Amino acid sequence: MAENSRPDLRIVEGVDPTRLHGEVCFVCGSAEPPLHPAGTVETRVGEGVVRRWDIVACTEHVELER
Ligand SMILES: [Zn+2]
C-alpha cells in the first residue's frame, strides 16, 4: 500500500511549526499578506498516528501548488 495514498493529503516532516499553523506561507515562510488556503498536510506524530494541519501559501506559491 502506498505511503501516501490520498492525493489531497501530504505527509511532511521537519517543517517549521509556524508553517503548519497556517501563520506563514508553507513554501517560503513569508508572512506577507495576502495568504491563501493551500490545502492540508499531515505530520507523523507517532506510529500510525498523523496530525492534520490546514496550511496557507502566499500568492506566488499558492499558484504553484495548482
Ligand atoms: Zn510563498
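Our next topic: the overall build of the protein. Of the regular secondary structure elements, the protein holds two helices and three strands. Traced from its N-terminal end to its C-terminal end, the protein shows the element sequence β-α-β-β-α. Buried residues in the protein amount to 17% of all 66 residues. For the protein, long-range pairs separated by at least 24 residues make up 49% of all intrachain contacts whose partners lie at least 6 apart in sequence.

Now for unusual backbone geometry. The omega angle of the peptide bond from Pro33 to Pro34 is 0 degrees, so this bond is cis rather than trans. Tracing the sequence through the fold places Pro34 in the loop between helix H1 (17-20) and strand E2 (35-46).

This brings us to the pairing of strand E3 (residues 49-58). In terms of strand pairing, E2 meets E3 through nine bridges, oriented antiparallel. The residue bridging Arg44 from the neighbouring strand is Val50, located in E3. Following E2, the chain reverses through two residues before pairing antiparallel with E3; Gly48 in that reversal takes a positive phi of roughly 75 degrees.

Among the secondary structure elements, Glu23 is positioned in the loop between H1 and E2. We classify Glu23 as partly exposed; it has 14 C-beta atoms within 10 Å. Separated by 34 residues in sequence, Glu23 and Ala57 place their C-alpha atoms 9.3 Å apart. Glu23 has contacts with Thr18 and Ala31, leaving out every residue within four places of it along the chain.

Criteria and thresholds
- Residues numbered from 1 in each chain as written.
- Predicted model: local features only at pLDDT ≥ 70, side-chain atom pairs only at ≥ 80, totals over all residues.
- Helix = DSSP H or I, 4+ residues; strand = E, 2+ residues; numbered from the N terminus.
- Buried ≥ 20, exposed ≤ 12 C-beta atoms within 10 Å, placed from the backbone.
- Contact = placed C-beta atoms within 7 Å.
- Pairing = 2+ DSSP bridges.

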